[in-house]
Amino acid sequence: MRVMAIVKRIANQFRRDKRTLALMFIAPLILITLINYLFDGDAVNPKVGVEGVSTEMVKQLKDTDITVKEYDSVANVKDTITSDKLDGFIIQDGSDVKLTFENSDPGVSKQIQMKLQAALMAEQKDAMKQLGASMQEASVKIQQSLGAFAKQYEAQTGQKLELPSLDLNVPHQQQLSISTAYIYGDADTTFFDTIGPIFIGFFVFFFVFLIAGISFLRERTTGTLERLMATPIKRWELETGYLLGFGIFALAQSVIVALYSIHVLNMVQLGSIWYVLLITLLLAMVALTLGILLSTFANNEFQIVQFIPIVIVPQVLFCGIFPLEGMADWLQWIAHIMPLYYGADALTSIMVKGEGFASFATDFYILVGFALVFMILNIFALKKYRKI
């Protein structure tokens, strides 16, 4: 009986807590649906530019599921790859083949290299097969001509003419000289090197969001916020004070995570470290304002944690770790409402591609916009505690 009383109490507690019920039964369905669409998208074939490559070679490349764009002449391969968003470029001059990879995703580069080798082997095999058939046909015709000549000679002279054996050998395959170059990274660049910057942004975002939400919640539950609201302080002053106070620790965390990742874990860092710190700090401010905003709708720490599957997990799915290009347009649109998507894109541009501010300026301004919107919403949310 006492056991059943405990069971009944817990059941009633869950029944009254609609948010927990939604977390248990609805959130998993939403996340599983998103993951299903993420992995059920169409495969994105590598896109390669070619110059001086034979028609047969182009056909072989297309047969290996490579999207081929042909060029008559290219002045600057790197600029062409960047402007036309190519994954690689192939230039062939006789037996010399030069392969240039964009290499922001080493997996795609290795895929292109393997498919190119398969296409080259298939092309050479077909060429040698055709040559062998042609030489065999020529050999038969020569033998027939010599046989007719020998019969004519024997008929006229009465002497039998001994014909030499004719053996036409297929020449050896011409060895191709393949050289490779990389726009970003090198042959030793790994997949983790390209997604490492994304994880820097994610961990800064996640922990600042969690700590800020719980800390601000404690300000409310301990009565500190109530006492502050009883003073003449204005809402925007209170919000600014909290942001600056928490922001000091967010800045310290951003610096520690970025420097540790680059100098201790030896993550790829081609751009300015100051840009890295700028973006990580901006991500921390977005997480800080978002954490404070959502904490106003929570009554305890557990309810703050409940926001993680809804707010944090989708950002991981759409921040660039999983390719979005092959997904439906509506699914790609979801990524553009995720702050971490822009932070990850900016950090990748800085650390992996070594680009300057112009390359991630749009990401920067959008993150600033997120922080300002959340800050304004926080100021309005404080109305529930006091009207000023």
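These figures come from a predicted structure and were not determined experimentally. The numbers attached to residues start from 1 for each chain and follow its sequence in the written order. Side-chain atom pairs in this predicted model are given and counted only at pLDDT of 80 or more, local residue features only at pLDDT of at least 70, and totals for whole chains, interfaces and linings cover all residues. The side-chain quantities take in all heavy atoms of the structure and omit both hydrogens and water.

A short note on the overall build of the protein chain
Then, in step 1: Think of it this way: any DSSP run of H or I at least four residues long counts as a helix, any run of E at least two long counts as a strand, and we number them from the N terminus. Along its length, the protein chain carries 14 helices and five strands.
Then, in step 2: Each residue gets one of three labels from its accessible area relative to the maximum for its type: buried under 20%, exposed over 50%, partly exposed in between, using a 1.4 Å probe on protein chains only. Classification of the 388 residues of the protein chain by burial places 39% in the buried group.
Then, in step 3: Here a residue-residue contact requires only that any non-hydrogen atoms of the pair lie within 4.5 Å. Taking as baseline every contact in the protein chain between residues at least 6 positions apart, the subset at least 24 positions apart corresponds to 73%.
Then, in step 4: Computed with a 1.4 Å probe, the accessible areas rest on the Shrake-Rupley method; for each residue, only the protein chains presented here act as cover. When the accessible area of the protein chain is evaluated, it comes to approximately 22200 Å², of which 62% is carbon and sulfur surface.

Quick word on the pattern of salt bridges
Then, in step 1: Salt bridges are identified by distance alone: a Lys or Arg side-chain nitrogen within 4 Å of an Asp or Glu carboxyl oxygen. All chains considered together, the criterion is met by two salt bridges.
Then, in step 2: Across the salt bridge formed by Lys59 and Asp63, the nearest N and O atoms sit 3.2 Å from each other. Here Lys59 pairs with Asp63, and both are found in helix α4 (residues 55–63), just four residues apart, close to one helical turn.
Then, in step 3: Take Lys59: its relative accessible area is 45%, and that puts it in the partly exposed class.
Then, in step 4: The salt bridge involving Asp84 is made with Lys69; its shortest N-O contact spans 3.6 Å. Of the two residues, Asp84 is situated in the loop between α5 (77–83) and β3 (88–93) and Lys69 in strand β2 (residues 67–70); the sequence distance between them amounts to 15 residues.
Then, in step 5: Using a relative accessible area of 34% as the deciding quantity, one classes Lys69 as partly exposed.

Considering the UniProt feature "transmembrane region" (unreviewed entry) in the protein chain
Then, in step 1: According to UniProt, the positions carrying the feature "transmembrane region" (unreviewed entry) are residues 21–39, 198–217, 238–262, 274–297, 304–324 and 364–382.
Then, in step 2: End-to-end, the C-alpha atoms of residues 238–262 are 36 Å apart, and along that stretch the chain is 100% helix and 0% strand.
Then, in step 3: Secondary structure content for residues 274–297 is 92% helix and 0% strand, while the C-alpha to C-alpha distance between its ends is 35 Å. UniProt positions are given in the numbering used here, feature names are shortened, and annotations may be inferred rather than shown by experiment.

Quick look at the packing of aromatic side chains
Then, in step 1: Two aromatic rings, drawn from Phe, Tyr or Trp (for Trp, its six-membered ring), form a pair once their centres lie within 6.5 Å of each other, and the interplanar angle then sorts them: stacked below 30 degrees, edge-to-face above 60, tilted otherwise. In this structure the tally under the stated criterion is 15 aromatic pairs.
Then, in step 2: By the ring-pair criterion, three or more aromatic residues cluster together here, those being Phe199, Phe202, Phe203, Phe206 and Phe207.

Let's talk about the pairing of β3
Both faces of the sheet carry side chains from a regular strand, because those side chains alternate between them.
Then, in step 1: Pairing between two strands is assigned when DSSP locates at least 2 bridges connecting them. Of the pairings in the sheet, the one linking strand β1 (residues 47–51) to β3 comprises four bridges and is parallel in character. Within the sheet, the bridge partner assigned to Val48 lies in β3 and is Gly88.
Then, in step 2: Both β3 and strand β4 (residues 96–101) contribute to a ladder of six bridges, which runs antiparallel. For Asp93, the partnering residue across the bridge sits in β4 and is Asp96.
Then, in step 3: Taken together, β3 and the strand that follows it, β4, pair antiparallel across an intervening segment of two residues, in which Gly94 is found at a positive phi of about 70°.

With respect to the sheet that holds β4
Then, in step 1: Strand order in the open sheet made by the five strands is β2-β1-β3-β4-β5, with mixed pairing throughout. Each end of this open sheet is capped by a strand with a single partner; those strands are β2 and β5 (177–182). Recorded for the sheet is a direction-independent mean angle of 20° between the axes of neighbouring strands.
Then, in step 2: Two strands pair when backbone bridges link them, and β4 and β5 are joined in this way by six bridges, in the parallel orientation. For Lys98, the partnering residue across the bridge sits in β5 and is Ser179.
Then, in step 3: Angles shown run from 0 to 180 degrees and are taken between the N-to-C directions of axes, each axis being a line fitted to C-alpha atoms and, for helices, limited to the stretch in contact. Together, β1, β2 and β3 form the strand contacts of α4, whose direction differs from that of β2 by roughly 150°.

A closer look at the side chain of Ser261
Then, in step 1: Structurally, Ser261 is set in helix α9 (residues 235–264).
Then, in step 2: Look at Ser261 and you get buried, because its relative accessible area is 5%.
Then, in step 3: The residues contacting Ser261, other than those within four sequence positions of it, are Ile200, Asn266 and Met267.

Quick word on the packing of α9 against helix α10 (residues 273–295)
Then, in step 1: Two numbers describe how α9 lies on α10: the axes approach to 8 Å, and their chain directions differ by 140°. The angle between the axes of α9 and α10 places the two elements in the oblique class. Viewed along their axes, α9 and α10 form a crossing whose handedness is right-handed. Judged by residue contacts, Glu239, Tyr242, Leu243, Phe246, Gly247, Ala250, Leu251, Ser254, Val255, Ala258, Leu259 and Ile262 of α9 engage Ile273, Val276, Leu277, Thr280, Leu281, Ala284, Met285, Leu288, Thr289 and Ile292 from α10. Roughly parallel refers to an angle under 35 degrees, roughly antiparallel to one over 145, roughly perpendicular to one between 65 and 115, and oblique to any angle outside these ranges. The sense of a crossing depends on the near helix, which, turned anticlockwise from the far helix by less than a right angle, makes the crossing left-handed and, turned clockwise, makes it right-handed.

Section: the packing of α9 against helix α14 (residues 357–381)
Then, in step 1: Interhelical geometry of α9 versus α14 gives an angle of 130° and a closest axis separation of 9 Å. Regarding the angle of α9 to α14, the classification is oblique. Judged by the twist between their axes, the crossing of α9 over α14 is right-handed. Seen from α9, the contacting residues are Arg235, Trp236, Glu239, Thr240 and Leu243; seen from α14, they are Met375, Asn378 and Ile379.
Then, in step 2: Just so you know the grouping, Ala, Val, Leu, Ile, Met, Phe, Trp, Tyr, Cys and Pro go in nonpolar, Asp, Glu, Lys and Arg go in charged, and all remaining residues, Gly too, go in polar. A breakdown of the residues in the contact of α9 with α14 according to their chemical character gives four nonpolar, two polar and two charged.

Considerations on the nonpolar core
Then, in step 1: We define a nonpolar core as any set of buried Ala, Val, Leu, Ile, Met, Phe, Trp, Tyr and Cys residues linked to one another through side-chain atoms lying within 4.5 Å. Of all hydrophobic cores here, the largest spans 69 residues; its most connected members are Phe205, Phe209, Ile292, Ile312 and Phe318.
Then, in step 2: Elements supplying a minimum of two residues to this core: α7 (191–221), α8 (224–229), α9, α10, α11 (301–317), α12 (329–335), α13 (339–351) and α14.
Then, in step 3: Of the residues forming this core, the biggest block, 14 residues, is contributed by α7.
Then, in step 4: Apart from the residues lying within four places of it in its own chain, the contact partners of Phe205 are Leu283, Val286, Ala287, Leu290, Ile312, Gln315, Pro339 and Leu340.
Then, in step 5: Grouped together as the second largest cluster of nonpolar side chains are 15 residues, Val58, Leu61, Val97 and Phe101 included.

Here we look at α14
Then, in step 1: Here a helix's expected span is defined as the number of its residues, less one, multiplied by 1.5 Å. Over its 25 residues, α14 runs 34 Å from end to end, which matches the ideal 36 Å to within 8%, given 1.5 Å per residue.
Then, in step 2: Along its length, α14 reaches its greatest deviation from straightness, about 30°, at Asp363.
Then, in step 3: Phe360, Ala361, Asp363, Phe364, Leu367, Phe370, Ala371, Phe374, Asn378, Ile379 and Ala381 are the residues of α14 that are buried.
Then, in step 4: Of the surrounding secondary structure, the elements contacted by the buried residues of α14 are α9, α10 and α13. To get the bend at a given residue, fit one axis to the seven residues ending there, fit another to the seven starting there, and take the angle between those axes.

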